[in-house]
Amino acid sequence: MGYIRLLARGGQGGRGGRGGDGEAGGRGYSGADATRWSSGQDGGPGGDGGEGGNGTSGAHGGDGGRIVARVDQLDTHLLMLLQHDTSPGEGGTAGTNGRGGAGGPGGSGGRPHHWTTTSTQYYRDSNGNMRPRTITHHHHNPGGMDGPRGRPGRDGRAILRPGQDGNPGQYRILVDVDGREVQFLTRYEVEIVEYDLHLQDHFAEPASEIRVSQVRVRNSGGMPTPINYPVQIHLGDSRWIDPLPQVLHIPRSLQPGEDYSFGSEALVAAVPDIDSVPTGEPLREIERVNPLAKQSEVNRYFKNAHPRKDFVVAFPGEVELLRSLESQVPGSAALFQIELVNRSQFDLGRQSTDGRVLQVHLGLQDPELSEHLMLLDMHGQQVSWDHGYQHEIDLLPAGKSVTLKT
């Protein structure tokens, strides 16, 4: 599924610059230390921080370029192989302003000064004699206070904006029509507008069919669809959809905005059969039908963004309810009831119009239990587990149920 990619995108705008951070302020001068004759001096104030630098705004994104595709009228189906991009570049993100520098620390205050002096003092002892003693005197001059921190610098003050996105480019298609160039800005685009889904019943039964009819399509693009290779409509496959090989062809070129209806023409798919009847809950799965539009010759699909319709996969006959005792003592018997319902809109059974045989079979999953569990008919006669309980319903009308007992 290769494509030819034509790119003329605008470049992304450059990111704005970041302003530089301001320098931190210098430390203040230190105060003089205290002496015996003076107190310490206060430290000087710290220097102010420098202003942050201004950032710059983001640069504008580049404009998208121009692409011109030239093609002959008979080769417009080849446009499905082209993918183009003329998108503009995004604008660059804005830069950031620088942060102001921190204020410088204040200078240290002068250190305090401590000193001592002595003096002699006389006192009388116990014998009445005068005796000297030395007295020590402590002195203190306080130090200075640390200086205040400097003021922080201001952040950058530029008004910053992201860059503007570039302008989108232009894609043009020039078609040569009998020597004359006709310009289009967009390719054709076929979309499926509506369709009817038909099932053989209220649901789709394994091994049945589904039909899609009354398909209506529209050219929602900007130029006519190819004139020599028709657009095709077919069903996509999935778990429960096995399309038959037929394809619907739009028999002519559609002008921009023009619709086309296929009417009674239909797409048919088989619902696959299953290898064995599932155990547990009845079969009931949701499937979704998906018609697809494709350009022939180049085998490329359109967008196909249409709504998809759901349907249920199920069997017409279902065991709806089982009734019996959950436990028994040895030697006792219990009634076993099976309630069977017809989910179909048609009668089931050999006596129905279609003559579809409807049977119920009851057997053992574990053969070893046959030694401990006996199967009886409603007359009390033993039924061999080799064959199990089998009952054929002659007629079960649509939407009705029947209860079987053993």
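What counts and what doesn't
Residues numbered from 1 in each chain as written. Predicted model: local features only at pLDDT ≥ 70, side-chain atom pairs only at ≥ 80, totals over all residues. Heavy atoms only, no water. Pairing = 2+ DSSP bridges. Helix = DSSP H or I, 4+ residues; strand = E, 2+ residues; numbered from the N terminus. Axes fitted to C-alpha atoms, helices over the stretch in contact; angles between N-to-C directions. Buried < 20%, exposed > 50% of the residue type's maximum accessible area, 1.4 Å probe, protein only. Contact = heavy atoms within 4.5 Å. Patch = residues over 30% accessible without salt bridge, like charges linked within 9 Å, V, L, I, M, F, W, Y side chains within 5 Å. Areas by Shrake-Rupley, 256 points an atom, 1.4 Å probe, with all protein chains shown as cover. Salt bridge = Lys/Arg side-chain N within 4 Å of Asp/Glu carboxyl O. Lys, Arg positive; Asp, Glu negative; His and termini not counted. Charge placed at Lys NZ, Arg CZ, Asp CG, Glu CD. Phe/Tyr/Trp six-rings, centres within 6.5 Å; stacked < 30°, edge-to-face > 60°. Core = buried A, V, L, I, M, F, W, Y, C linked by side-chain atoms within 4.5 Å.

Visitor: Any chance you could break down the sheet that holds strand β17 (residues 300-301) for me, citing the residues and the numbers?
Guide: Sheet architecture is open: four strands sit in the order β12-β10-β16-β17, paired in antiparallel fashion. Each having just a single partner strand, β12 (248-249) and β17 make up the two edges of the open sheet. The pairing of strand β10 (residues 231-235) with strand β16 (residues 291-295) spans five bridges and is classified as antiparallel. Opposite H234, over in β16, you have L292 as the bridge partner.

Visitor: Before we move on, could you go through the sheet that holds strand β7 (residues 180-184) and cite the residues and values that matter?
Guide: If you trace the three strands from one edge of the open sheet to the other, you get β2-β6-β7, paired in mixed fashion. What marks the edges here is a single partner per strand, and that holds for β2 (66-72) and β7. Within this sheet the neighbouring strands show an average axis-to-axis angle of 25°, counted without direction. Of the strand pairs in this sheet, strand β6 (residues 170-177) and β7 are connected by five bridges, and their pairing is antiparallel. Bridge assignment links L174 to a residue of β7, and that residue is Q183.

Visitor: Break down the pairing of strand β4 (residues 113-124) for me, with residues and values.
Guide: Where β4 and strand β5 (residues 130-141) come together, 12 bridges link them in antiparallel fashion. Of the residues in β5, the one forming a bridge with H113 is N141. Between β4 and β5, which pair antiparallel and follow one another directly, the connecting turn spans five residues, one of which, G128, has a positive phi of 85°.

Visitor: Please provide a residue-by-residue account of the side chain of Q232, values included.
Guide: By the secondary structure assignment, Q232 is in strand β10. Judged by its relative accessible area of 15%, Q232 is buried. Leave out the neighbours within four places in its chain, and Q232 touches V247, L248, H249, L292, A293, K294 and S296.

Visitor: Give a detailed account of a negative patch on the surface, specifying residues and quantitative values.
Guide: A cluster of acidic residues, D72, D75, D176 and D178, forms a negative patch on the protein surface. Structurally, D72 can be placed in strand β2. Look at D72 and you get partly exposed, because its relative accessible area is 32%.

Visitor: I'd like a rundown of the environment of Q170, residues and numbers included.
Guide: Its place among the elements puts Q170 in strand β6. As for Q170 and H84, which are separated by 86 residues in sequence, their C-alpha atoms are 9.9 Å apart. Those residues in contact with Q170 that lie beyond four places of it in its chain are G65, R66, I67 and T86.

Visitor: Report on the pattern of salt bridges, specifying residues and quantitative values.
Guide: The full count for this structure, using the stated rule, is 19 salt bridges. Of the charged contacts, one joins E392 and R350 as a salt bridge, the two residues approaching to 2.6 Å between their closest N and O atoms. Of the two residues, E392 sits in strand β24 (residues 389-393) while R350 sits in the loop between β20 (337-342) and β21 (358-362), which places them 42 residues apart along the sequence. In this structure E392 comes out as partly exposed when scored by relative accessible area, which is 25%. When salt bridges that share partners are traced, they join E194, R216, R218 and D259 into one network.

Visitor: Let's hear about the packing of aromatic side chains: which residues, and what values?
Guide: Using the criterion set out here, one finds two aromatic pairs in the structure. When the centroid spacing of 6.1 Å and the interplanar angle of 65° are considered together, the rings of Y188 and F302 count as edge-to-face. One end of the pair, Y188, is in the loop between β7 and β8 (190-199); the other, F302, is in the loop between β17 and β18 (309-314), and 114 residues separate them in sequence. Ring geometry for Y260 and F262: centres 5.1 Å apart, planes at 85°, overall edge-to-face.

Visitor: Give a description of the environment of R36 that names residues and reports values.
Guide: On the secondary structure map, R36 appears in the loop between β1 (4-7) and β2. The spatial distance from the C-alpha of R36 to the C-alpha of L7 is 87 Å, given a sequence separation of 29 residues. Those residues in contact with R36 that lie beyond four places of it in its chain are H113, W115, T117 and N141.

Visitor: Which residues make up the nonpolar core, and what values go with them?
Guide: Taken as a class, soluble globular proteins show a tendency for nonpolar side chains to be buried jointly. If you look at the biggest cluster of nonpolar residues, it comprises 44 residues, and the most contacted ones within it are V215, V217 and I233. Listing elements by their share of this core, those giving two or more residues are β2, β6, β7, β8, β9 (209-219), β10, β14 (267-270) and β18.

Visitor: Got a sec to walk through the side chain of T225? Specific residues and values, please.
Guide: As for its position among the elements, T225 is in the loop between β9 and β10. Discounting residues that sit within four places of it in the chain, T225 has contacts with Y188, V190, N219, V231, R252, S253 and L254.

Visitor: Which residues make up unusual backbone geometry, and what values do they have?
Guide: Phi at D178 is positive, roughly 55°, even though this residue is not glycine. Inspection of the secondary structure puts D178 in the loop between β6 and β7. A positive phi angle, near 55°, is found at Q214, a position not held by glycine. Tracing the backbone shows Q214 in strand β9. Look at Q214 and you get partly exposed, because its relative accessible area is 42%.

Visitor: Let's hear about the environment of G380: which residues, and what values?
Guide: Tracing the chain through its elements places G380 in the loop between β22 (375-376) and β23 (382-383). Sequence separation between G380 and A333 is 47 residues; the distance between their C-alpha atoms is 9.6 Å.

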